[in-house]
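So you can see what is in the structure, the chains are spelled out below.
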Amino acid sequence: MAIASEDLKFTLQEVLDTFKSCLSEHKEVFLEHYVAGWRGLVRFMNCLGSVFSFISKDAVNKIQILVNHLNGENGAHYVTIQSMVKYELDSQLVDLTKRGSFPESGCRTLLRLHRALRWLELFLERLRTSTEDSNTSVMCSEAYNESLAQHHAWIIRKAAGTAFWALPGRATFFDVLNVGSPEQVMAVLGDTLPLISEVYKVTEDLYAQNNILELP
Ligand SMILES: CCCCCCCC/C=C\CCCCCCCC(=O)N[C@@H](COP(=O)(O)O)[C@H](O)/C=C/CCCCCCCCCCCCC
């Protein structure tokens, strides 16, 4: 599976469907669908202009690392996030305290996207409860400061903060979501958020239980 279709037209509904299929009935998270959800989100970000390309590149890079694991000879261990964590920890394939032999472990790579999922959750919640005169840049910055920013160096925080000011206004933003009227956007956001929150929580609990929430 190669990443080749980032420029297809984005629809929020598609992301909703992907996150819906992420969780098994036993609350396992299917890595293939998790990655597909991120690919959809990156497609959306690519519609927003080149100022976001440094963010997009990092996300694509991390997605590709996970896809490589999925398609690799040990791919059977990467079907769910739970099986990935067990396999990599049991086989000592994760740098636990400082960066070393496994800079591309599935566990550390997914952790970066997992932290970004918290940003997304906070941002979408703000969008869902926003009004016509709400400012997307402010909502995005607030969500970022409450989540991802705590894990980023000063220079990244600065670059991200600058990019956020290039976000389009709420009406254009909603148009790019490609769902329909603002009321329909709100409804789809209302459906999407609990799914994203649940995937986030299941992953957070798994990482906490295995004491791998601070992987270098
Ligand atoms: C439902 C639709 C509405 C919202 C759609 C949002 C679409 C967002 C798509 C992608 C989000 C980007 C995910 C970024 C992952 C960042 C992972 C990360 O933290 N990487 C850093 C650490 O990695 P290592 O060095 O430890 O390997 C890396 O240093 C980061 C580099 C790039 C800057 C990351 C800034 C993140 C800002 C996230 C907000 C994106 C705003 C998009 C605007 C809608």
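Residues numbered from 1 in each chain as written. Predicted model: local features only at pLDDT ≥ 70, side-chain atom pairs only at ≥ 80, totals over all residues. Heavy atoms only, no water.

If you check an unreviewed UniProt entry, the protein chain appears there as Ceramide-1-phosphate transfer protein from Salvelinus namaycush. The heading Sequence similarities (unreviewed entry) in the UniProt record of the protein chain holds the text "Belongs to the GLTP family." (UniProt positions renumbered as here; feature names shortened; annotations may be inferred.)

### Things to note about unusual backbone geometry
Even without glycine at this site, Lys27 takes up a positive phi of about 65°. Checked against the element boundaries, Lys27 lands in the loop between helix H1 (12–20) and helix H2 (31–46). Residue Lys27 is classed as partly exposed on the basis of its relative accessible area, which comes to 40%. For Asn211, which is not glycine, the phi dihedral falls at a positive 55°. Following the sequence through the fold, Asn211 ends up in the segment after helix H9 (182–209). (Helix = DSSP H or I, 4+ residues; strand = E, 2+ residues; numbered from the N terminus. Buried < 20%, exposed > 50% of the residue type's maximum accessible area, 1.4 Å probe, protein only.)

### A few points about helix H7 (residues 154–164)
Within the span of H7, buried status applies to Ala160, Ala163 and Phe164. Axial view of H7: buried residues confined to an arc of 100°, hence all on one face. Of the residues in H7, the exposed ones pointing more than 90 degrees away from the buried face are Trp154, Ile155 and Thr162. Tucked inside the fold, the buried residues of H7 contact helix H3 (53–71) and helix H6 (136–145). (Arc of directions from axis to C-beta. Contact = heavy atoms within 4.5 Å.)

### Some thoughts on the site of the ligand
Neighbouring the ligand are 23 residues; Asp58, Lys62, Arg108, Arg112 and His152 lie closest to it. In this structure, an oxygen atom belonging to the ligand sits 2.8 Å away from a side-chain N or O atom of Arg108. One of the side-chain nitrogen or oxygen atoms of Arg112 is found 3.0 Å away from an oxygen atom of the ligand. Contact with the protein chains hides 91% of the accessible area of the ligand, taken as 970 Å² for the molecule alone. Taken together, the elements giving at least two residues each to the shell around the ligand come down to H2, H3, helix H5 (106–128) and H7. Counting residues per element, the shell around the ligand draws most heavily on H5, at six residues. A class-by-class count of the residues in the shell around the ligand yields 18 nonpolar, one polar and four charged. (Near = heavy atom within 4 Å. Polar contact = N/O pair within 3.5 Å; in protein donor to acceptor, adjacent residues only side chain to side chain. Areas by Shrake-Rupley, 256 points an atom, 1.4 Å probe, with all protein chains shown as cover. Nonpolar A, V, L, I, M, F, W, Y, C, P; charged D, E, K, R; others polar.)

### As for the environment of Ser24
The topology assignment puts Ser24 in the loop between H1 and H2. The exposure class of Ser24 is buried, given its relative accessible area of 15%.

### Considering the packing of aromatic side chains
The description of an aromatic ring pair rests on the distance of the ring centres and on the angle between the ring planes. Overall, the coordinates contain five aromatic pairs when judged by the stated rule. Plain terms: the ring middles of Tyr144 and Phe164 are 5.3 Å apart, the flat faces sit at 75° to each other, and that makes the pair edge-to-face. In this pair, Tyr144 sits in helix H6 while Phe164 sits in helix H7, placing the two residues 20 residues apart along the sequence. Classification of Tyr144 as buried rests on a relative accessible area of 4%. In textbook terms, an aromatic cluster arises when at least three aromatic residues are bridged by ring pairs, as seen for Phe44, Trp119, Phe123 and Phe173. (Phe/Tyr/Trp six-rings, centres within 6.5 Å; stacked < 30°, edge-to-face > 60°.)

### Some details on the UniProt feature "domain: Glycolipid transfer protein" (unreviewed entry) in the protein chain
Under the feature "domain: Glycolipid transfer protein" (unreviewed entry), the UniProt entry names residues 31–178. The annotated region residues 31–178 carries 66% helix and 0% strand content, and the separation between its end C-alpha atoms amounts to 26 Å.

### Some remarks on the packing of H6 against H7
Remark: H6 packs on H7, axes separated minimally by 9 Å, with the N-to-C direction vectors making an angle of 160°. Relative to H7, the element H6 lies roughly antiparallel. Crossing of H6 over H7 shows right-handed handedness. Along its contact with H6, which presents Ser137, Cys140, Ser141 and Tyr144, the element H7 presents Ile156, Arg157, Ala160 and Phe164. Its residues assigned to classes, the contact of H6 with H7 comprises five nonpolar, two polar and one charged. (Axes fitted to C-alpha atoms, helices over the stretch in contact; angles between N-to-C directions. Parallel < 35°, antiparallel > 145°, perpendicular 65-115°, else oblique. Left-handed = near helix turned anticlockwise from the far one by under 90°.)

### Notes on H5
An ideal rise of 1.5 Å per residue puts 33 Å on 23 residues; H5 measures up with 32 Å between its terminal C-alpha atoms. In terms of burial, H5 is a largely internal element, 20 of the 23 residues being buried. (Expected span 1.5 Å × (residues − 1).)

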